Amino acid sequence: MARLRILSSGEWDLLAVVTASIIGIIAHVLELIPEGYVISLILLLLALHALHEIGHDMKFDEANEALLSMERRLTGIEPEVKVITGDHFKHGEDLARRNRGTFVWFNTPMTVMRSQEVFDLMLKPAIESESTRRVEFILKPEQKEFFDSFVWPKVQRCRGKEKVAYPKFVPIKENFAFKMIDASEGGDAKEFHLTFLDAPFTITREAEDGSRVVHPKIIFHVLPKSELSKELKEVYLKYAT
């Protein structure tokens, strides 16, 4: 039977940085602390860790090996929240195709849907999927004009358009957005793509016609087993009912 190896002080420091960072991000999602505090917390922890290692004469090679060792230890452990930093459209398409019931867009900036190509990747697969029973939008009132002009007409050209409910436009105080799918046939398991609507999580670009298009830079993939999944479901229910 393999002996359990005790983590070194350097490894414990690295683990503390990762753990505290995740806790900080979740606390921000639940609006317990502002985003600026999260970034400051992570930078402070990293700085303290660096000072600690310098004080203990830890060489670069040793620090690198410690990181690799922790990575090997965490391999095979399924996280409850994954970070997506690239291929956002591809991940969005995969989410749409995995839906097994209701597909919800909550507070999501719709300006990227001006592009037919993006619409065909992010939304059309769910609308035309036989596994999708309903598509819902809960958006801020200021998105209504854009939605009516650029998104709703695209929806009407889709097979399965009758499954798409016209958006509910309501004032939303939360500064985050998410897409929610039913990850199981019964609808009990919810899966999310979550992002914050401010820097550094999103970037705003100017389109050729002068309009502003919001793109996510960092997306949090929240799995059904996460406690955060339950909290986000409660946010949806607060505005949907």
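Preceding this section is the structure that the text describes.
Residues numbered from 1 in each chain as written. Predicted model: local features only at pLDDT ≥ 70, side-chain atom pairs only at ≥ 80, totals over all residues. Heavy atoms only, no water.

Trainee: Explain empty space enclosed by the protein to me, please; I cannot follow it from the model alone.
Mentor: Rolled over the atoms, a probe as big as a water molecule pinpoints where empty space is left. What the rule picks out here adds up to one cavity of 30 Å³ or more. Quantified by volume, the largest cavity comes out at close to 250 Å³. Together, 19 residues line the largest cavity, and Thr108, Met122, Lys179, Thr195 and Pro216 are the ones closest to its centre. Of all elements in the fold, only α4 (88-98), β5 (176-182), β6 (190-196) and β8 (212-216) reach the threshold of two or more residues within the lining of the largest cavity. When its residues are assigned to classes, the lining of the largest cavity shows twelve nonpolar, six polar and one charged. (1 Å grid on protein atoms, 1.4 Å probe; cavity = no way out; pocket = protein on both sides within 12 Å on 5 of 7 lines; lining within 4 Å. Points joined across faces, edges and corners; volume = space filled by probe spheres on them. Helix = DSSP H or I, 4+ residues; strand = E, 2+ residues; numbered from the N terminus. Nonpolar A, V, L, I, M, F, W, Y, C, P; charged D, E, K, R; others polar.)

Trainee: In this structure, what is going on with the pairing of β5? I would like to understand it.
Mentor: Regular strands show a simple pattern: their side chains alternate between the two faces of the sheet. With seven of seven residues buried, β5 is to be regarded as a mostly interior element. Here β5 shows two buried faces, one formed by Phe176, Phe178, Met180 and Asp182 and the other by Ala177, Lys179 and Ile181. One ladder, built from three bridges, connects strand β2 (residues 102-106) with β5; its direction is antiparallel. Paired with Val104 across the bridge in β5 is Met180. Bridge analysis of β5 against β6 gives seven bridges, and the strand direction is antiparallel. Each residue of the ladder has a partner; that of Asp182, found in β6, is Lys190. (Buried < 20%, exposed > 50% of the residue type's maximum accessible area, 1.4 Å probe, protein only. Pairing = 2+ DSSP bridges.)

Trainee: Please clarify how the nonpolar core should be interpreted in this entry.
Mentor: The tendency in soluble globular proteins is for nonpolar side chains to be buried side by side. Of all hydrophobic cores here, the largest spans 25 residues; its most connected members are Phe103, Met110, Met113, Leu123 and Phe137. Among the elements of the structure, α4, β2, α5 (116-122), α6 (124-128), β3 (134-139) and α7 (144-156) are those that each provide at least two residues to this core. With four residues, α7 is the largest single contributor of residues to this core. Leaving out residues up to four positions away in the same chain, Met113 has contacts with Trp105, Val118, Phe119, Met122, Leu123, Phe150, Val151 and Lys154. Counting residues in each nonpolar core, the second largest holds 19 residues, with Phe106, Phe176, Leu194 and Phe196 among its members. (Core = buried A, V, L, I, M, F, W, Y, C linked by side-chain atoms within 4.5 Å. Contact = heavy atoms within 4.5 Å.)

Trainee: In this structure, what is going on with the pattern of salt bridges? I would like to understand it.
Mentor: A pair can form between side chains of opposite charge whenever their charged atoms are brought close. In total, this model carries nine salt bridges according to the counting rule given. One salt bridge connects Glu93 with Arg97, and the closest N-O pair in it is separated by 3.1 Å. Separated by four residues within a single helix, Glu93 and Arg97 lie in helix α4, roughly one turn from each other. According to the relative accessible area criterion, Arg97 is partly exposed, its value standing at 48%. Across the salt bridge formed by Lys230 and Glu227, the nearest N and O atoms sit 3.3 Å from each other. With Lys230 and Glu227 both in helix α8 (residues 227-240) and three residues apart, the pair spans about one turn of that helix. (Salt bridge = Lys/Arg side-chain N within 4 Å of Asp/Glu carboxyl O.)

Trainee: In this structure, what is going on with the packing of aromatic side chains? I would like to understand it.
Mentor: The relative placement of two aromatic rings is captured by the distance of their centres and the angle of their planes. By the definition in use, this model includes 14 aromatic pairs. Judged by centre distance (6.3 Å) and plane angle (75°), the ring pair of Phe147 and Phe169 falls under edge-to-face. Pair noted here: Phe147 is in helix α7 and Phe169 is in strand β4 (residues 168-169), with a separation of 22 residues, a long-range link. Phe169 matches Phe147 in its accessibility class, with the two residues each being buried. Site record: aromatic cluster; members linked through ring pairs are Phe103, Trp105, Phe137, Phe147, Trp152, Tyr166 and Phe169. Its end group placed over the ring of Phe150, Arg114 keeps NZ or CZ at 4.1 Å from the ring centre. Across the ring face of Trp105, the terminal group of Lys179 is positioned such that the distance to the ring centre comes to 4.9 Å. (Phe/Tyr/Trp six-rings, centres within 6.5 Å; stacked < 30°, edge-to-face > 60°. Lys NZ or Arg CZ within 6 Å of the ring centre and 35° of its normal.)

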